[in-house]
Amino acid sequence: MENQKTETWIEKAKPFIAVLSLQLGYAVMDVLSKAALNKGMSNYVFVVYRHAVAFIVITPFALYFEKKVRPKMTISIFIKIMALSLLEPVIDQNLYFLGMKYTTATFAAAMSNMLPAITFILATILRLEKIKIKCIRSQAKILGTIATVAGAMTMTLVKGPILLEAFGSNSHTHQTVAITSQHTIAGGVLITIGCICWACFFNLQAITLQTYPATLSLSSWICLMGTVEGAAVASVMEWGHPSVWSIKWDMRLFSTVYTGIFCSGLAYYLQGVVMKTKGPVFVTTFSPFCMVIVAILGYFLLAEQMFLGRVIGAFIICLGLYLVIWGKNKDYDTSSSQIIEEPVESPKQTGSENCTHEVIIIH
């Protein structure tokens, strides 16, 4: 009996362990990527090399473990893969790293906390999720979404006094402050657009997994097409600068290998596995942990300052985020991936306290 309970607890904990591991990996990625970009590495080239590494590492596992379960490739699936590789590996990551160049790693991680709310908004627009205004959980979703956007605007527009001086050399500190003061708004806009593309990627990945459930193979295809499409974009953006493609045995190489293995190949696979049972929104609900880790690492390793406006904005983002989570905590059935239907109100139950909406979940 105890063994069965232990196995059940482990099975329930696996999705949480997976997404927490993803956030830890993303936090380290933000710090390493910022260090590589500070050394002059092109964000366009960085994205290409990153997904090339991911493809080389993950493809052998996909060929071996999924040779019997891999479905036949169709034109429809291939078009979805092309769109997936364009949304996240190319558009989102280039805009995200470009925005990080203009700001800081902590700022970029905090802005990405809008992702769950944007995912929710897109699902509502696409009629994947219905809202009932009189339901308290639907109200929490709406209020949380507004609070998340308000928090992101606060982080973008309000700096305020310095709470903690930078931990490091004074020269590096002055450079960080200059970048932050001149390009904060531009960086915030770029990261926001990237988050919208990232949210589209999560929803489309969940839909694609319905007809192409081979998670490793799908991740491999995304990395391959992301490399090809990213190389085309990098060739145009870095035209006339062939030296940007050179890479040495330094932080740039280490950052490329790390992000390729853990934050592209492994991340696409883990989030795909979790999506099959929990849905795309669940995967995005733990992003505040990434912000906290990045803030700590960025303070000690990148000599980034902490401003009051950033802290207030981050707090508002987290508050809005967890309002969205609370509003959605009954949308997913923890034991199955079937469609969940909540009681629909009849004309005689107008004053009832029960929610009167139907939630459709796509896995």
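Look a little higher up for the structure.
Because the structure is a prediction, the values reported are computed rather than measured.

Engineer: Help me out: how do you make sense of a nonpolar patch on the surface in this one?
Structural biologist: Taken together, the side chains of Val149, Met153, Leu157, Val158, Ile185, Val189 and Ile193 present a nonpolar region at the surface, about 600 Å² in accessible area. Mapped onto the nonpolar patch, the elements with two or more residues apiece are helix H6 (136-157) and helix H7 (170-211). Positionally, valine 158 belongs in the loop between H6 and strand S1 (162-164). On the basis of relative accessibility, which here comes to 41%, the residue valine 158 falls in the partly exposed class.

Engineer: Quick question: what am I supposed to make of the packing of helix H2 (residues 43-65) against helix H8 (residues 215-237) here?
Structural biologist: How two helices pack is summed up by the angle between their axes together with the distance between the axes. Following both chains from N to C, one finds H2 and H8 inclined at 160 degrees, their axes separated by 8 Å at the closest point. In terms of axis orientation, H2 runs roughly antiparallel to H8. The chirality of how H2 crosses H8 is left-handed. Facing Tyr44, Val45, Val48, His51, Ala52, Ala54, Phe55, Ile58, Thr59, Phe61, Ala62 and Phe65 of H2, the residues of H8 in contact are Leu216, Ser217, Ser219, Ser220, Cys223, Leu224, Thr227, Gly230, Ala231, Val233, Ala234 and Met237.

Engineer: When you look at the packing of aromatic side chains in this model, what are you seeing that I'm missing?
Structural biologist: Aromatic ring pairs are defined here through the distance separating the ring centres and the angle between the ring planes. Tallied over the full model, the rule gives 11 aromatic pairs. Plain terms: the ring middles of phenylalanine 201 and tyrosine 268 are 5.6 Å apart, the flat faces sit at 50 degrees to each other, and that makes the pair tilted. Of this pair, phenylalanine 201 sits in helix H7 while tyrosine 268 sits in helix H9 (residues 251-278), and the two are 67 residues apart along the sequence. Residue classification places phenylalanine 201 among the buried residues on the basis of a relative accessible area of 0%. Given the relative accessible area of 1%, tyrosine 268 is considered buried. An aromatic cluster is defined as three or more aromatic residues linked by ring pairs; in this entry it consists of Tyr26, Trp198, Phe201, Phe202 and Tyr268.

Engineer: For this particular structure, what's the right way to read the nonpolar core?
Structural biologist: The tendency in soluble globular proteins is for nonpolar side chains to be buried side by side. In terms of nonpolar packing, the biggest core is built from 61 residues, with Tyr26, Met29, Tyr96, Phe97, Ile191, Phe201 and Leu218 touching the most fellow members. Ignoring sequence-local partners within four residues, the contact set of isoleucine 191 consists of Leu95, Tyr96, Gly99, Met100, Thr103, Phe107, Ala108 and Met111.

Engineer: When you look at the pattern of salt bridges in this model, what are you seeing that I'm missing?
Structural biologist: Oppositely charged side chains are able to pair whenever their charged atoms sit close together. Per the counting criterion, the structure on display carries one salt bridge. Of the charged contacts, one joins arginine 252 and aspartate 250 as a salt bridge, the two residues approaching to 2.8 Å between their closest N and O atoms. On the accessibility criterion, arginine 252 (18% relative accessible area) is buried. Among the residues examined, aspartate 250 registers a relative accessible area of 25% and is labelled partly exposed.

Parameters and conventions
Sequence order sets the numbering: in each chain, residues are counted from 1 along the sequence as written. Note on the predicted model: pLDDT of at least 70 is required for a residue's local features to be given, and 80 or more for side-chain atom pairs to be given and counted; whole-chain, interface and lining totals, by contrast, use all residues. With hydrogens and water set aside, each side-chain value is computed from the structure's full complement of heavy atoms. Patch members must show over 30% relative accessible area and no salt bridge, and they are joined within 9 Å when carrying like charges or within 5 Å when they are nonpolar side chains of Val, Leu, Ile, Met, Phe, Trp or Tyr. Every accessible area reported is derived by Shrake-Rupley at a probe size of 1.4 Å, with residue values counting cover from the shown protein chains alone. Salt bridges are defined as contacts in which a side-chain nitrogen from Lys or Arg sits within 4 Å of a carboxyl oxygen from Asp or Glu. The helix and strand labels rest on DSSP assignments: H or I over at least four residues marks a helix, E over at least two residues marks a strand, and numbering proceeds from the N terminus. Partly exposed describes any residue whose relative accessible area lies between the buried limit of under 20% and the exposed limit of over 50%, with all areas from a 1.4 Å probe on protein chains only and scaled to the type maximum. Axis angles are defined between N-to-C directions and span 0 to 180 degrees, where every axis is a line fitted to C-alpha atoms and, for a helix, only to the segment in contact. Here the angle decides the label: under 35 degrees means roughly parallel, over 145 means roughly antiparallel, 65 to 115 means roughly perpendicular, and every other value means oblique. Crossing chirality is assigned from the near helix's rotation relative to the far helix, an anticlockwise turn below a right angle marking it left-handed and a clockwise turn marking it right-handed. Whether two residues are in contact is decided by their heavy atoms, any of which lying within 4.5 Å being enough. What counts as a ring pair is set by centres within 6.5 Å for rings of Phe, Tyr and Trp (its six-membered ring), and what kind of pair is set by the plane angle: stacked under 30 degrees, edge-to-face over 60, tilted for all other angles. We define the nonpolar core as a collection of buried residues of types Ala, Val, Leu, Ile, Met, Phe, Trp, Tyr and Cys that are connected through side-chain atoms lying within 4.5 Å of one another.

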